[in-house]
Amino acid sequence: MASITFEGNSYRCEEGQSVLDVLLAHGVAAPHSCRSGSCQSCMMRVETGELPESSQAGIKETLRVQGYFLPCICRPGDDLTIVRPDTDTMRLEATVSHVTALSDHVVCVGLSSQTPISYRPGQFINLFKDDATARSYSLASVPDMDGELRLHVRRFANGQVSTWIHEALRPGDRVQLSPPAGDCFYLPGQAEQPLLLIGTGTGLAPLYGIARDALAQGHRGPIHLYHGSREPAGLYLVERLQELAQQYANFRYFPCLSGSEVPDGFLPGRALDLALSHAPELSGWRIYLCGNPDMVKLARKRVFLAGASMREIHSDAFTHQAA
Ligand SMILES: Cc1cc2nc3c(=O)[nH]c(=O)nc-3n(C[C@H](O)[C@H](O)[C@H](O)COP(=O)(O)OP(=O)(O)OC[C@H]3O[C@@H](n4cnc5c(N)ncnc54)[C@H](O)[C@@H]3O)c2cc1C
């Protein structure tokens, strides 16, 4: 059993318990969201003690060497003294420039910052509603084209952060965010490689950023974007993506509907099934999978079985904490 020292208090960490579990059990207001090591919203820094290597999975090297780790997946074998992240490095400030409806359930949030925020389209940030509450949102914008950060946020009934964004956030509001993270972005250097992008719901956000980034960087290979939803209302930016497909011969857009209502111009079926029926052999492709965690998990398996190499599969599962 290890002990965790945090802000002057020491807590026992039972075998198999995560550091985040221990802090929350003692009423510590520690930001967290996915609780599975993907969103990084709970990141803290160790001052003394040895971290399990796995507790730093997915963290940028520059932060890893400073002792940053993810309390939600940290099950320590050693006593640890831990501190909150340094606000200077881990919190950025931005101003809301607009909150624009993209559909009945999705808004685009524009964020501008006096200090430029460096990112790759498709990465994600954590947006803080308050000191203890943050959620991850993917970057749909492309720095040189959009000049601001853009997020696509779906509203969840009773969702703490998404409801706040939809109902309370206004142009001019100052917000805090974490530095961009994640490895779901376009990698230049193989301009002829075919790219397959599959997303559900607001899983379109990173894919929209990645596709436009690839096109802007002169990608010449095919770029196939499948956006899936059950209902027509779940798809958005349809016309914009159709225009993009007209503008670039190598870009194809497939809006897919898995429910019974399938208007003209949409494909009946699930995005993943349709993508694999059009391209059953994926060796040599680079794949991006974003959105619903079940879809992402299944898609990773199926694209691998269809021949895609593991290192060419990039994904962001929009993991969330069950109520
Ligand atoms: C890497 C990453 C990137 C993400 N990118 C985006 C993005 O670009 N756009 C976006 O809209 N969201 C994105 N998400 C999801 C986002 O972080 C939040 O989980 C979501 O906005 C809900 O937060 P909330 O505070 O409103 O809901 P909560 O208060 O956390 O939950 C309220 C209720 O809604 C349910 N719920 C929450 N999220 C989901 C979900 N995804 N599916 C089904 N039920 C859910 C909960 O179980 C609960 O019942 C991303 C998540 C991750 C991990």
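See the structure printed just above.
Below, the discussion takes up the overall build of the protein. Of the regular secondary structure elements, the protein holds nine helices and 17 strands. Relative to its length of 323 residues, the protein is compact, with a C-alpha radius of gyration of 20 Å against a globular reference of 20 Å. Based on the C-alpha atoms only, the size of the protein along its principal axes is roughly 60 × 45 × 40 Å. Classification of the 323 residues of the protein by burial places 50% in the buried group.

Here the structure, examined in full by the defined rule, presents zero disulfides. For Cys 34, which is in no disulfide, the shortest distance to another cysteine sulfur is to Cys 39 and amounts to 3.7 Å.

Its 13 residues give helix α9 (residues 293-305) an end-to-end C-alpha distance of 19 Å, which sits within 8% of 18 Å, the value for a rise of 1.5 Å per residue. All of the buried residues along α9 are Met 295, Val 296, Ala 299 and Val 303. Lining the buried residues of α9 we find β12 (195-200), α8 (271-278), β16 (286-291) and β17 (313-317). With a side-chain oxygen positioned 2.8 Å from the backbone nitrogen of Asp 294, the residue opening α9 is Asn 292. Directly after α9, the chain includes Gly 307, whose backbone phi takes a positive value near 110°.

Looking now at the nonpolar core. Looking at soluble globular proteins, one finds that nonpolar side chains tend to be buried together. One finds Leu 197, Ile 223, Leu 225, Leu 241 and Phe 251 to be the most contacted residues of the largest nonpolar core, which totals 28 residues. Mapped onto this core, the elements with two or more residues apiece are β12, α6 (204-216), β13 (223-229), α7 (238-247), β14 (251-257) and β16. In terms of residue count, the dominant contributor to this core is α6 (eight residues). Once you skip the residues sitting within four places of it in the chain, Ile 223 turns out to touch Leu 195, Leu 197, Ala 211, Ala 214, Leu 215, Asn 250, Phe 251 and Arg 252. By size, the runner-up hydrophobic cluster in this structure holds 25 residues, among which are Phe 6, Tyr 68, Ile 82 and Met 90.

Ring pairs (aromatic) are described by centroid distance and by the angle formed between their planes. Under the defined criterion, the tally for this structure stands at one aromatic pair. An angle of 10° between the planes, with centres 4.3 Å apart, marks the rings of Tyr 226 and Phe 254 as stacked. You can see Tyr 226 sitting in strand β13 and its partner Phe 254 sitting in strand β14, a full 28 residues away along the chain. The pair formed by Tyr 226 and Phe 254 is uniform in burial state, with each residue classed as buried.

Taken together, five strands build an open sheet; the order of strands is β2-β1-β5-β3-β4 and the sheet is mixed. A single partner strand is all that each edge strand has here, and the edge strands are β2 (9-13) and β4 (68-69). Two elements, strand β1 (residues 2-6) and β2, share five bridges in a ladder whose sense is antiparallel. In the strand pairing of β2, Phe 6 is matched with Asn 9.

Right, let's talk about the packing of α8 against α9 for a bit. Viewed as axis vectors pointing N to C, α8 and α9 meet at an angle of 10°, and their least axial separation amounts to 11 Å. In terms of orientation, α8 and α9 fall into the roughly parallel class. Contacts from Leu 272, Asp 273 and Leu 276 in α8 reach Leu 298, Ala 299, Arg 302 and Val 303 in α9. Its residues assigned to classes, the contact of α8 with α9 shows five nonpolar, no polar and two charged.

What follows is about the sheet that holds strand β7 (residues 106-112). Taken together, six strands build an open sheet; the order of strands is β9-β8-β11-β6-β7-β10 and the sheet is antiparallel. Among the strands making up the open sheet, the edge pair consists of β9 (133-138) and β10 (149-154). The average undirected angle you get between the axes of adjacent strands in this sheet is 40°. In terms of strand pairing, strand β8 (residues 124-130) meets strand β11 (residues 174-177) through two bridges, oriented antiparallel.

Any two side chains of opposite charge can pair, given that their charged atoms come close. Scanning the model with the defined rule gives 17 salt bridges in all. Of the charged contacts, one joins Asp 146 and Arg 150 as a salt bridge, the two residues approaching to 3.4 Å between their closest N and O atoms. Classification of Arg 150 as partly exposed rests on a relative accessible area of 26%. For Arg 240, the salt bridge identified is with Glu 243, shortest N-O distance 3.6 Å. Taken together, the positions of Arg 240 and Glu 243, both in helix α7 and three residues apart, correspond to about one turn of that helix. Residue Glu 243 is classed as partly exposed on the basis of its relative accessible area of 45%. Look at the salt bridges and you will find they share partners, linking Asp 146, Glu 148, Arg 150 and Arg 212 into a network.

Around the ligand sit 24 residues in total, of which Arg 135, Ser 136, Tyr 137, His 152 and Ser 162 are the nearest. For the ligand, an oxygen atom lies 2.7 Å from a polar atom in the backbone of Ser 136. Interatomic distance of 2.9 Å between a backbone N/O atom of Gln 160 and an oxygen atom of the ligand. Its free accessible area being 920 Å², the ligand has 86% of it covered by the protein chains. At the level of secondary structure, the elements contributing two or more residues to the shell around the ligand comprise β9, β10 and α5 (160-167). The element that contributes the greatest number of residues to the shell around the ligand is β9, accounting for four residues. Classifying every residue of the shell around the ligand by side-chain character gives 11 nonpolar, 11 polar and two charged.

The rules behind these values
Residues numbered from 1 in each chain as written. Predicted model: local features only at pLDDT ≥ 70, side-chain atom pairs only at ≥ 80, totals over all residues. Heavy atoms only, no water. Helix = DSSP H or I, 4+ residues; strand = E, 2+ residues; numbered from the N terminus. Rg over C-alpha atoms; globule rule 2.2 N^0.38 Å. Buried < 20%, exposed > 50% of the residue type's maximum accessible area, 1.4 Å probe, protein only. Disulfide = S-S within 2.5 Å. Expected span 1.5 Å × (residues − 1). Contact = heavy atoms within 4.5 Å. Polar contact = N/O pair within 3.5 Å; in protein donor to acceptor, adjacent residues only side chain to side chain. Core = buried A, V, L, I, M, F, W, Y, C linked by side-chain atoms within 4.5 Å. Phe/Tyr/Trp six-rings, centres within 6.5 Å; stacked < 30°, edge-to-face > 60°. Pairing = 2+ DSSP bridges. Axes fitted to C-alpha atoms, helices over the stretch in contact; angles between N-to-C directions. Parallel < 35°, antiparallel > 145°, perpendicular 65-115°, else oblique. Nonpolar A, V, L, I, M, F, W, Y, C, P; charged D, E, K, R; others polar. Salt bridge = Lys/Arg side-chain N within 4 Å of Asp/Glu carboxyl O. Near = heavy atom within 4 Å. Areas by Shrake-Rupley, 256 points an atom, 1.4 Å probe, with all protein chains shown as cover.

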